[in-house]
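Here's the letter readout for the chains.
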Amino acid sequence: MPLSSTVHPDLTALCREGRLKEALHILLTTHNPPEHYSTYFQLLQICLLKNALSQGKKIHCFIAHRRFAFATRITFHNKLIYMYVKCESLADARKVFDHMKERDCLSWNTIIAAYRRYGYPHEAVALFRRMQQTGLQPDQFTFASVLPACAKMGALEQGIDIHKSIMDRGILLDIVVATALVDMYAKCGSIDRARELFDKMPQRNAYSWNAMIAGYAQNGFAEKALETFNQMQIAGIKPDTATFASILPACAKMGALERGTYIHRSVKGSGILSDVVVATALVDMYAKCGSIDKARELFDKMTRRNVVSWNAMIAGYAQNGFFEKALETFNQMQLVGVKPDSATYASILPACAKMGALKQGMDIHQNIMEGGYLSEIMVGNALVDMYAKCGSLDKARDLFDKMPQKNVVSWNAMIAGYAQNGFCKDALKTFELMKHSGTYANIVSFACVLCACSHAGLVDEGCTYFNYMTDAYCIKPTIDHYVCMVDLLARAGYLEDTLKFIIKMPVKPVAVVWLCFLGACRSHMNIGLGVFTATLLIDLDPINAAPYVLLSNMYAEVGRWAEVQMVRRLMKDKGIKKIPGCSWIEAHKIVHVFCVADRSHPQTQEIYAKLDKLTWEMKAAGHFPDSRHLLNDVEEEEKELFLCHHSEKLAIAFGLLNTTPGTTIRVVKNLRVCAECHTATKFISKIVGREIVLRDVNRFHHFKQGECSCGDYW
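Residues numbered from 1 in each chain as written. Predicted model: local features only at pLDDT ≥ 70, side-chain atom pairs only at ≥ 80, totals over all residues. Heavy atoms only, no water.

Caption draft 1: Spatial organisation of the overall build of the chain. Along its length, the chain carries 38 helices and 6 strands. On C-alpha atoms alone, the chain measures out to a radius of gyration of 33 Å, which is more than a quarter above the 27 Å that the 2.2 N^0.38 rule sets for 714 residues. Taken as a whole, the chain presents about 33900 Å² of accessible surface, with 54% of it coming from carbon and sulfur. Mean positive and mean negative side-chain charge positions of the chain (81 and 70 charges, respectively) differ by 5 Å. (Helix = DSSP H or I, 4+ residues; strand = E, 2+ residues; numbered from the N terminus. Rg over C-alpha atoms; globule rule 2.2 N^0.38 Å. Areas by Shrake-Rupley, 256 points an atom, 1.4 Å probe, with all protein chains shown as cover. Lys, Arg positive; Asp, Glu negative; His and termini not counted. Charge placed at Lys NZ, Arg CZ, Asp CG, Glu CD.)

This is the structure:
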């Protein structure tokens, strides 16, 4: 029922009380609405505070239909633009802006800030240029909006031009503008220019210091970030949430646990430990510094967690080698209703890859598709890498080919997958396809290619690619490339040439270089060079068990048991223990772990019975365990029994008992597979008619019908 021609007396009161729906109802049903702009401005203000877009549109339409006198004013249009921006309707805000016959500085500032805020930095900068073309002078608020847009784009040249405009306007001393300039230069990688400006600022606030600290941290100058943080405290500026959110990642980057712990105490003193951003940064810092228990303790105490908090904990477990814990935390995250994002998947998939947990990886793949993250390049790369490292090359390639976009990381994942799985020609072919696609190869690309050549014994091709990297791409070889070349040459038996190559290297050979060479000395049974290299390695890295073990193996294989005992005594005297061999296998989405002669598994009796049966079947097929590969100077029967109970054999027997006949068995081992187990697995694959994929610390072995993909060259 329409009201009388008199305005309802409660309309103004309802506006004051924020009762929008009731006020709007009265407004739309009265015959005599108020004509003064203040009532409508009040209503629009309530709309933006309550994020009431639909009501705001109704008020806008009502005013336009009634053609009130104030509807042509700039102030009214500015209010509308601001309301639409706050209600997250950028399209409506732009429509109002474009239809304005006149605009003031506030009009431009509001729309520029809106485009920058909602992730359209290019349009924000374009609007700034249009504003300048109209002859309207930007003010400090304009510059404070457009500079972060340049920072987001990494548009240094445009930022420099805007800096010149600021100097021409004489407002460089404004603290907000100066801070925005420091932030822009830092985020565009011009950290020295940022510091120069920062040092010239007559007065600085927390925002200025935060911009400088974040700039150092984001550009890889963690030490400088910590130094600036200390200077900030000396200057009497109290750190805030943003300060800690920038400085803690710097500690994480450096692995500076002691400093991170000190900053943790500062956080407690500031009373902002409950802030989710700061608490998450602390969890991430402790995890990346290797203090995973402390990270978990903090995580469990958090009163509020977001997806970033869960991601920090999952990534922390994965990066510290606690892959099962990473998966467990990922499952907990979903149980409490936190939806994974692309960063979650990029952290959890490598954990599946490390464990060879293909089934769990496939489940996560399904989650990714349902969540709509499959098109994201970071997630696609992690999926390709996971399938490749779980030995499922066909699936990895299918995903790779379907990726809507690929970057160098995508290509590297595929090349590395082929190389590690022993399909070296496919690795080289994929590298050539990458070149023709226009994607520029990087340091990692060539390391993958050289690794492929090494696994296949392609010496000439490896040398060609090594030279091509330096000549055509001007890439300076890193220690990783030199390790690949040493492995390539030495594995192929060119021990003397390899030694000359090591001596001529422009970088100092680290322990891993000599370890590769020692492994080749053992493979080719060059005792003299082996002893020389092992002695050198022991001097370089006296607590590393690897040189002792390799040297002991060499002596054992030629029956020099006195020397074996000497090496063992040396290890015992120094307190050095050999890393125990362990193997993992996934069954029914559970990862089972086995060690040598392991009898802790609930199915131990069935596993050993299965192994005994396989041993007899292998003997019937002509295979007898090769006891030369044991260190033990014991009776042959005892040696044979020990060889039959290596961790990978236990895992294979378990797999045969717990997987469907005909399906592929996938095993992961933490050490290099021994020659005996390699030969035995070839026999088993033929006896049971199953493909067995064994991933050791160096590469994959695909066993099928008595043959291995490595061609017995590993």
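Caption draft 2: Summary view of the packing of helix H17 (residues 276–288) against helix H19 (residues 307–319). For the pair H17 and H19, the least separation of the axes is 9 Å and the interaxial angle reads 0°. By the angle between their directions, the pair H17 and H19 is classed as roughly parallel. Between H17 and H19, the contacting residues are Val-276, Thr-280, Val-283, Asp-284, Ala-287 and Lys-288 on the first element and Val-308, Ser-309, Ala-312, Met-313, Gly-316 and Gln-319 on the second. Here the residues of the contact of H17 with H19 are counted per class, giving 6 nonpolar, 4 polar and 2 charged. (Axes fitted to C-alpha atoms, helices over the stretch in contact; angles between N-to-C directions. Parallel < 35°, antiparallel > 145°, perpendicular 65-115°, else oblique. Contact = heavy atoms within 4.5 Å. Nonpolar A, V, L, I, M, F, W, Y, C, P; charged D, E, K, R; others polar.)

Caption draft 3: Expanded view of the packing of aromatic side chains. Scanning the entire structure with this criterion turns up 25 aromatic pairs. Judged by centre distance (5.0 Å) and plane angle (80°), the rings of Phe-97 and Trp-108 are edge-to-face. Linking Phe-97 in helix H6 (residues 90–99) with Trp-108 in helix H7 (residues 105–117), this pair joins segments that are 11 residues apart in sequence. Trp-108 matches Phe-97 in its accessibility class, with the two residues each being buried. With centroids separated by 5.2 Å and ring planes inclined at 70°, the aromatic side chains of Phe-446 and Tyr-473 adopt a geometry described as edge-to-face. Of this pair, Phe-446 sits in helix H27 (residues 443–456) while Tyr-473 is found in the loop between helix H28 (459–471) and helix H29 (479–491), placing the two residues 27 residues apart along the sequence. For Phe-446, a relative accessible area of 0% gives the class buried. Taken together, the aromatic side chains of Phe-431, Tyr-440, Phe-446, Tyr-465, Tyr-468 and Tyr-473 make up a single cluster linked through ring pairs. (Phe/Tyr/Trp six-rings, centres within 6.5 Å; stacked < 30°, edge-to-face > 60°. Buried < 20%, exposed > 50% of the residue type's maximum accessible area, 1.4 Å probe, protein only.)

Caption draft 4: Main features of the sheet that holds strand E3 (residues 665–669). Strand order in the open sheet formed by 6 strands is E2-E1-E3-E4-E5-E6, and the pairing between neighbours is mixed. What marks the edges here is a single partner per strand, and that holds for strand E2 (590–595) and strand E6 (707–708). Of the strand pairs in this sheet, strand E5 (residues 700–704) and E6 are connected by 2 bridges, and their pairing is antiparallel. Across the sheet, the residue bridging to Phe-703 is Cys-708, located in E6. (Pairing = 2+ DSSP bridges.)

Caption draft 5: Examining the pattern of salt bridges more closely. Scanning all chains against the criterion turns up 24 salt bridges. For Arg-560, the salt bridge goes to Glu-563, with nearest N and O atoms at 3.3 Å. Since its relative accessible area comes to 33%, Arg-560 is described here as partly exposed. Among the charged side chains, a salt-bridge network with shared partners connects Arg-94, Asp-98 and Glu-123. (Salt bridge = Lys/Arg side-chain N within 4 Å of Asp/Glu carboxyl O.)

Caption draft 6: Representation of the pairing of strand E4 (residues 692–695). Taking every second residue as pointing to the same face, both faces of E4 are buried, with Ile-692 and Leu-694 on one and Val-693 and Arg-695 on the other. A crossover connection joins E3 to the parallel E4 through helix H38 (residues 675–688); in handedness this β-α-β unit is right-handed. Two elements, E4 and E5, share 4 bridges in a ladder whose sense is antiparallel. Counterpart to Leu-694 in the pairing with E5 is His-701. As consecutive antiparallel partners, E4 and E5 are separated by 4 residues. (Right-handed = clockwise from strand over helix to strand, strands pointing away.)

Caption draft 7: Representation of the state of the cysteines within the structure. This structure, assessed with the given rule, holds 0 disulfides. Looking at the unpaired Cys-352, the closest cysteine sulfur is the one in Cys-390, lying at 7.1 Å. Judged by relative accessible area, Cys-352 falls into the buried class, the value being 0%. (Disulfide = S-S within 2.5 Å.)

Caption draft 8: Broad picture of helix H33 (residues 545–557). Given a rise of 1.5 Å per residue, 13 residues ought to cover 18 Å, and the 18 Å separating the end C-alpha atoms of H33 matches this to within 8%. In terms of burial, H33 is largely enclosed, as 11 of its 13 residues are buried. Of the residues making up H33, those classed as buried are Ala-545, Pro-547, Tyr-548, Val-549, Leu-550, Leu-551, Ser-552, Asn-553, Met-554, Tyr-555 and Ala-556. Packing partners of the buried residues in H33 comprise helix H31 (511–523), helix H32 (527–540) and helix H34 (561–574). (Expected span 1.5 Å × (residues − 1).)

Caption draft 9: Representation of the nonpolar core within the structure. Of all hydrophobic cores here, the largest spans 200 residues; its most connected members are Ile-247 and Phe-517. Excluding anything up to four places from it in sequence, Ile-247 contacts Ile-213, Ala-225, Leu-226, Phe-229 and Ile-263. Grouped together as the second largest cluster of nonpolar side chains are 27 residues, Ile-607, Phe-654, Cys-674 and Trp-714 included. (Core = buried A, V, L, I, M, F, W, Y, C linked by side-chain atoms within 4.5 Å.)

Caption draft 10: Summary view of the side chain of Thr-615. Locating Thr-615 in the fold gives a position in helix H35 (residues 604–620). With relative accessibility at 11%, the residue Thr-615 sits in the buried group.

Caption draft 11: Structural view of the packing of helix H12 (residues 191–200) against helix H13 (residues 206–218). As a packed pair, H12 and H13 sit with axes 10 Å apart at the nearest point and diverge in direction by 160°. Considering the angle they form, H12 stands roughly antiparallel to H13. In the crossing of H12 with H13, the sense of the turn from one axis to the other is left-handed. Listed contacts from H13 to Ile-191, Ala-194, Arg-195 and Phe-198 of H12 are Ser-208, Trp-209, Met-212, Gly-215 and Tyr-216. Residue classes in the contact of H12 with H13 are distributed as 6 nonpolar, 2 polar and 1 charged. (Left-handed = near helix turned anticlockwise from the far one by under 90°.)

Caption draft 12: Main features of the confidence of the model for the chain. This prediction gives the chain a mean pLDDT of 89; 94% of its residues lie at or above 70. Low pLDDT (under 50) marks residues 1–7, which in the prediction has 13 contacts with non-local residues, meaning those over four places away or in another chain. For residues 631–641, every residue scores under 50 in pLDDT, and the model assigns this stretch 17 contacts once sequence neighbours within four places are set aside. (pLDDT = per-residue confidence, 0-100.)

Caption draft 13: Here's a closer look at unusual backbone geometry. Positive phi outside glycine occurs at Met-525, with the angle close to 55°. Tracing the chain through its elements places Met-525 in the loop between H31 and H32. Judged by relative accessible area, Met-525 falls into the partly exposed class, the value being 29%. In this structure, Lys-589 is a non-glycine residue whose phi angle is positive, near 65°.

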